[in-house]
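# Fold and geometry: a report
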Amino acid sequence: MKFADDFVSYCRDFTGSPEPFIRWTALLMLSSVAGEKHVLKRGDWDVRPNLWVLLLGNSSSYKSVALNSGRRLLFEARSGILASQEYSHEALIEDIASNPHKLFIYDEAESYFKMMAQTYNAPMRSMMMSLYSGVPVQRQIKGKEGKGETHTITNAYICWGGASTPYQISAHMAGSTNDFLSGMFPRFLLVPYFGPESQVEDPPPCDRIKRAALINRLKELSLTGEREYVYAPDALEAKHKWLMHFNKRAEG
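Residues numbered from 1 in each chain as written. Predicted model: local features only at pLDDT ≥ 70, side-chain atom pairs only at ≥ 80, totals over all residues. Heavy atoms only, no water.

### A word on the packing of aromatic side chains
What counts is decided by this rule: Classification of ring pairs uses Phe, Tyr and Trp, with its six-membered ring standing for Trp, and accepts pairs whose centres are within 6.5 Å; under 30 degrees between planes counts as stacked, over 60 as edge-to-face, and the remaining range as tilted.
Inspection of the entire model under this criterion finds 14 aromatic pairs. These aromatic residues form a ring-pair network of at least three members: W52, Y106, Y112, F113, Y132, W160 and F188.

Here you go:
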């Protein structure tokens, strides 16, 4: 994929991030600008390319460096899709209602999980799963004046990117948030890397030509019109083989 290859080439010049983290950040960026206009029809359920990617590695393995390199490009290409780091349940509803196309990025995914585990944010758990699926959501909140407001959210398109360590994830899986993670965790694509690490002692300036080309490509992709997709025969066969092997591993 040319965009991912170009982003890897761009980041490799000045970061020590492992290539899997860089490449999956590129896919998250493409997913973020694609939007709800790209649809795979399955019954009455529209499957859209909104990824939830969790980079998993040791501490100081430059996970967030890759994410932040992508976030900087997205800020210039389409800053309006970048969500806040902190939300209450009501603030999330208000923000998504005004702009249902959002990308959440967390250098430390633990802060997101802690936010979701707060008692006052309990309704946010099911809310995020509904938004992930793009189903219509209607919620009533107190509002800024306390008089009550009803917000209807349709065609939500929510992407998510974060970084964590095995220790942090296992702590949440074993803790009080287990009920939350058991329902939400399958939505995350885990990208693990525990191989050799490199370090750029004195990073050179980024290549501005490469940077400008990546930003322009993201802008172009965000302007594409509606597209409807179907599985090609070979893709459908590959999907069935993957599902068969996945079920065998699950049984084991």
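### Quick look at the environment of L218
How we decide: Comment: elements are numbered from the N terminus, with helices defined as DSSP H or I runs of at least four residues and strands as E runs of at least two. Here's how the labels work: a residue is buried when its accessible area is under 20% of the maximum for its type, exposed when over 50%, partly exposed in between, all with a 1.4 Å probe on protein chains only.
Position of L218 among the secondary structure elements: in helix α9 (residues 208–222). Looking at L218, the relative accessible area reads 0%, which means it is buried. Sequence separation between L218 and F3 is 215 residues; the distance between their C-alpha atoms is 9.0 Å.

### Some points on the nonpolar core
Applicable threshold: Grouping buried Ala, Val, Leu, Ile, Met, Phe, Trp, Tyr and Cys residues that are joined through side-chain atoms within 4.5 Å yields what is termed a nonpolar core. Note on definitions: a residue-residue contact is assigned when non-hydrogen atoms from the two residues lie within 4.5 Å.
By size, the foremost hydrophobic cluster in this structure holds 35 residues, and its most contacted members are F7, L73 and L218. Contributing elements (two or more residues each) for this core: α1 (2–12), α2 (19–34), β3 (52–57), α3 (63–78), β4 (101–106), β7 (157–164), β8 (189–193) and α9. Once you skip the residues sitting within four places of it in the chain, L218 turns out to touch F3, M29, V33, L73, L74 and A77. Of all hydrophobic cores here, the second largest spans 29 residues; its members include Y87, M128, I141 and I153.

### Examining the layout of surface pockets
Filter applied, for reference: Lining residues are those with an atom within 4 Å of a point, where the points come from a 1 Å grid over the protein atoms alone and group into cavities, where a 1.4 Å probe fits but cannot get out, or pockets, open sets with protein on both sides within 12 Å along at least five of seven lines. Grid points are joined across faces, edges and corners, and a volume is the space filled by probe spheres set on the points. Side-chain classes are defined by residue name, with Ala, Val, Leu, Ile, Met, Phe, Trp, Tyr, Cys and Pro counting as nonpolar, Asp, Glu, Lys and Arg as charged, and the others, Gly among them, as polar.
There is about 970 Å³ of room inside the largest pocket. Contributing to the lining of the largest pocket are 23 residues, with R42, W45, V47, Y132 and Y231 lying nearest its centre. Looking at the lining of the largest pocket, the elements with two or more residues in it are β1 (38–42), β2 (45–47), α6 (122–133) and α10 (233–251). Among the elements that line the lining of the largest pocket, the one with the most residues is α10, at four residues. Residue classes in the lining of the largest pocket are distributed as 15 nonpolar, three polar and five charged. Lining the second largest pocket are 23 residues; nearest its centre among them are L30, A34, H38, L221 and Y229. Here the residues of the lining of the second largest pocket sort into 15 nonpolar, three polar and five charged.

### A few points about the packing of α1 against α9
Under the convention used in this document: An axis is simply a line fitted to the C-alpha atoms; with a helix, the fit covers only the stretch in contact. Between two such axes, the angle follows the N-to-C directions and lies from 0 to 180 degrees. Note that the term roughly parallel is reserved for angles under 35 degrees, roughly antiparallel for angles over 145, roughly perpendicular for angles of 65 to 115, and oblique for everything else. Crossing handedness is read from the near helix: turned anticlockwise from the far helix by less than a right angle, it gives a left-handed crossing, and turned clockwise, a right-handed one.
In the contact formed by α1 and α9, the axes pass within 10 Å of each other and the chain directions differ by 150°. With respect to α9, the element α1 is oriented roughly antiparallel. Regarding α1 and α9, the two cross each other, and that crossing is left-handed. On α9, the residues touching F3, D6, F7, S9 and Y10 of α1 are K210, R211, L214, R217 and L218. Residue composition of the contact of α1 with α9, by class: five nonpolar, one polar and four charged.

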